[in-house]
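Structural overview for review
Below, each chain spelled out in residue letters.
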Amino acid sequence: MNIATLIAVLALAVVLFLVIRYLIREKKKGNKCIGCPYAGECHKYSDCGKGQ
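Residues numbered from 1 in each chain as written. Predicted model: local features only at pLDDT ≥ 70, side-chain atom pairs only at ≥ 80, totals over all residues. Heavy atoms only, no water.

**Focus on the overall build of the protein**
Regarding its fold elements, the protein presents one helix and zero strands. In the protein, which comprises 52 residues, the share counted as buried stands at 10%. Roughly 4,800 Å² of accessible area belongs to the protein as shown, and the carbon and sulfur atoms make up 65% of that amount. (Helix = DSSP H or I, 4+ residues; strand = E, 2+ residues; numbered from the N terminus. Buried < 20%, exposed > 50% of the residue type's maximum accessible area, 1.4 Å probe, protein only. Areas by Shrake-Rupley, 256 points an atom, 1.4 Å probe, with all protein chains shown as cover.)

Below is the structure:
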């Protein structure tokens, strides 16, 4: 494995780590639609209308 391949693998590993960390943090905040600007107000996941 040469140095360029090693740098590319390390860069991908860092990006993957940051993405997973972001997803976990957003899930802990309660956002169901991560990345959606209306994640906190989405009617798709609201309790309105359930049981009716």
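**Side note on the side chain of Glu 26**
Among the structural elements, Glu 26 can be located in helix H1 (residues 3-29). Not counting the four nearest positions on each side in its chain, Glu 26 is found in contact with Asn 31 and Ile 34. (Contact = heavy atoms within 4.5 Å.)

**Regarding the environment of Leu 23**
Structurally, Leu 23 can be placed in helix H1. Taking relative accessible area as the criterion, Leu 23 reaches 37% and is therefore assigned partly exposed. Separated by 11 residues in sequence, Leu 23 and Ile 34 have C-alpha atoms that sit 7.3 Å apart.

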